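Structural overview
The chain contents come next:
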Amino acid sequence: IAIKDSGAFSERHSKIMLYLQKSEKSKKLTYGDRVLVNGSLNPLSPPMNPFEFDYKNYLNLKAIYFQSYADSTNWNRVSQDHGYLVLKLANDFRKQVLAQIDLWELNEDQKAVTKALLLGYRYDIKDELLQAYSSAGAMHVLAVSGLHVGIVYLMAAYLLFFLDKVKYGPMAKTIILVLLLWSYAMITGLSASVVRAATMFTFVAIGTGFKRYTSIYNTILGSAIVLMLFKPTFLFEVGFQLSYAAVFGIVWLQPRFQKLWKPNNWFLRQFWGITTVSIAAQIATFPLGLYYFHQFPTLFLISNWLVIPLVTFLMYIGLMALVIAAIGWTWLSWLFVWVYGWLLWAMNRGVSFIEDQASFLLDQIHITRFELVLLYVFIVLIFNWLFQGRFYRLAAAGVVLIIFGGSQVWEAYHLKTEKQMVVYGVKNHVVLGFYENGKGVLVSDSAFWKDDDALTFHVKHHWWANDVEEVEFCELGGNFLNGHFRKEENLLGFSNQHFQVISAGGQASVESPCWIVCGKTYPPKEGVQFPECVVLCGKQNFYQRKRWKEWAEENKIECWDTQEQGAYVRRFK
């Protein structure tokens, strides 16, 4: 709202990402509170390593350009009851529902999943459980989205069936449905996914209520345009792209798949419906999944056979349990919760079992943006040929597939003809990577490579992009911190003539084009042959880094600071 740098406050209307220390004080904050923070606004940092997730761009798309941190002593609540009344009421109601779920006789994991399933509140879910749902291809059930909003819409539409038979009933039903949809959206926190789903179903409700049955593609595109009028950057968000790709895939492909088999049995019809919807959505979204998440869950069909029916029952039973508890029928609510708990146990166990089949998960896949476009062009051409025929469509699909394969072959050939040395930009760690022909050696302290989250965030995306399949870890210490390494160390053909590590108190003594300074040391005064480049990493203080930079400038040597410029990449033929 305002910033006080020196003197009086000046008005500023913008967003920042503010992190507060977890404490009892911060837990008492509610929607509409205003806080006064004593701190600094820090510009967002770009990715520091090759193919690292661009958190800066992610926040920029949400119009956030600065971040800040404050511990409990550096902020205070100065006033309350600001913001929009409707959102405040929705937020308060959501807190009451979360408190009600906490009273249910479920274990902590089940309560966490329930909060995500019914309200989109995922903050209590453990990382292991999130990973299980992600690996099983069932992550969509933990974020309130089209599936959940669709279930709420259908449930409300069935309960309001009697309005179809009275005068002005359809109009009243439409108004009630739209109000229920957006009330549910506000209660679940108005996340991007639920806003998209509520907007789409609002268009469907209005069209159905007024009996204006037009092209479903117009309805979908209309909802997308309305959303982008309010926030154009939606177009560049992963969730937006996945949501609309899935919906288009279902609308375009599922009816055609449905015609391939028309079983007479009701159970088989439901089973075949789930199958066709899952396949259609997966076909439409798998290129984006490869591009953004580098994996493909081959057991997605099995997980959807399990998850979609269970989620439907869980949504109905869970919402009914909350309504019954609000009425005051405690014993009946307890019965619903008991049934709900067994169904949720079955879903969690099923998802965990699917995750355990690790050999069926295709991961570490990397495709470029150009290859992403090629995949979508191929999908459109090949299915148009299957549905409408014409040889030219098949021929064009074949050409696109050849171009895609050629791109992959060229990339693989290019990677095999060079060696690559990388000094990663990781705060408080020295991390060196050596790569050649699909193999790699990572040199760092053991604390870093044992931290799988840090390793994945900073390094693994680079491995996947370079088709590195075999990686050996080497402890940073001993020979590496004395400027040399033994010949028996596995560095894939790299030698002291490629680089030299200079550690605390160490001095350069070997002619090499690159010095990697990873300890608290100062530049040499004389008696050595200067390198082409000096790379600063590790834990040098400000003055040591400054001395190295001044020395490099005086001697006209390139100086690369990984803490400021990110990873240093050097390629050798």
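Everything discussed here concerns the structure shown above.
Below or above, wherever it landed, is the structure these notes cover. Keep in mind that what you see is a predicted model, and the values were worked out from it rather than measured.

Glancing now at the overall build of the protein. Check the secondary structure of the protein and you find 19 helices and 18 strands. Its C-alpha atoms put the protein at 100 × 70 × 45 Å along the principal axes. With 573 residues in all, the protein has 43% of them scored as buried. Taking contacts inside the protein between residues at least 6 apart in sequence as the whole, the part at least 24 apart equals 61%. Accessible surface, the protein: about 31900 Å² in total, of which carbon and sulfur atoms supply 61%.

What the rule picks out here adds up to 26 aromatic pairs. Judged by centre distance (5.5 Å) and plane angle (75°), the rings of Trp261 and Trp272 are edge-to-face. Within this pair, whereas Trp261 is found in the loop between helix H10 (238-258) and helix H11 (266-293), its partner Trp272 is found in helix H11, the two being separated by eleven residues in sequence. Note on Trp272: relative accessible area 17%, which makes it buried. With a centroid separation of 5.9 Å and an interplanar angle of 35°, the aromatic rings of Phe383 and Phe387 are classed as tilted.

Here we come to helix H17 (residues 452-465). The sharpest bend along H17 measures roughly 50° and falls at Val459. Burial runs high along H17: ten of the 14 residues are buried. Listing the buried residues of H17 in full gives Ala454, Leu455, His458, Val459, Lys460, His461, His462, Trp463, Trp464 and Ala465. Of the residues flanking the end of H17, it is Asp467, one or two places downstream, whose phi is positive at about 55°.

This part is about the pattern of salt bridges. Enumeration over the complete set of coordinates arrives at 14 salt bridges. For the salt bridge of Glu237 with Lys231, the shortest nitrogen-to-oxygen distance reads 3.2 Å. With a relative accessible area of 10%, Glu237 lands in the buried category. Between Asp561 and Arg545 there is a salt bridge, and its shortest N-O distance comes to 2.4 Å. Residue Asp561 is located in strand E17 (residues 558-561), and its partner Arg545 is located in helix H18 (residues 542-554); the two are separated by 16 residues in the primary sequence. The residues Asp561 and Arg545 share a single accessibility class, namely buried. Sharing partners across several salt bridges, the network here consists of Arg545, Lys549, Asp561 and Glu564.

Per the counting criterion, the structure on display carries zero disulfides. Not engaged in a disulfide, the cysteine Cys514 finds its nearest cysteine sulfur in Cys533; these two sulfurs lie 5.0 Å apart. On the basis of relative accessibility, which here comes to 0%, the residue Cys514 falls in the buried class. Not engaged in a disulfide, the cysteine Cys559 finds its nearest cysteine sulfur in Cys533; these two sulfurs lie 7.3 Å apart. Overall, the relative accessible area of 21% leaves Cys559 in the partly exposed class.

Strands sit in the order E13-E12-E11-E10-E18 across an open sheet of five strands; the sheet is mixed. Strand pairing shows two members of the sheet lacking a second neighbour, strand E13 (470-475) and strand E18 (568-572), which therefore form its edges. Taken over all neighbouring pairs, the strand axes of this sheet differ in orientation by 15° on average, direction set aside. Where strand E10 (residues 419-424) meets strand E11 (residues 431-436), six bridges bridge the pair, whose relative direction is antiparallel. Within E11, the residue paired with Lys419 across the bridge is Glu436. Relative to the sheet, H17 contacts E10, E11, strand E12 (439-444) and E13, its axis offset from that of E10 by approximately 165°.

With that settled, consider the nonpolar core. The biggest cluster of nonpolar side chains holds 64 residues, and the ones touching the most others in it are Trp104, Leu118, Tyr133, Val311, Met315, Tyr340 and Met347. For this core, the element with the highest residue contribution is helix H12 (residues 300-327), accounting for nine residues. Ignoring anything within four residues of it in the chain, the contact list for Met347 reads Val113, Tyr133, Leu306, Val307, Leu310, Val311 and Leu314. In this structure, Ile283, Leu288, Phe300 and Ile379 belong to the second largest nonpolar core, which totals 23 residues.

How each quantity is defined
- Residues numbered from 1 in each chain as written.
- Predicted model: local features only at pLDDT ≥ 70, side-chain atom pairs only at ≥ 80, totals over all residues.
- Heavy atoms only, no water.
- Helix = DSSP H or I, 4+ residues; strand = E, 2+ residues; numbered from the N terminus.
- Buried < 20%, exposed > 50% of the residue type's maximum accessible area, 1.4 Å probe, protein only.
- Contact = heavy atoms within 4.5 Å.
- Areas by Shrake-Rupley, 256 points an atom, 1.4 Å probe, with all protein chains shown as cover.
- Phe/Tyr/Trp six-rings, centres within 6.5 Å; stacked < 30°, edge-to-face > 60°.
- Bend = angle between axes of the 7 residues up to and from the residue.
- Salt bridge = Lys/Arg side-chain N within 4 Å of Asp/Glu carboxyl O.
- Disulfide = S-S within 2.5 Å.
- Pairing = 2+ DSSP bridges.
- Axes fitted to C-alpha atoms, helices over the stretch in contact; angles between N-to-C directions.
- Core = buried A, V, L, I, M, F, W, Y, C linked by side-chain atoms within 4.5 Å.

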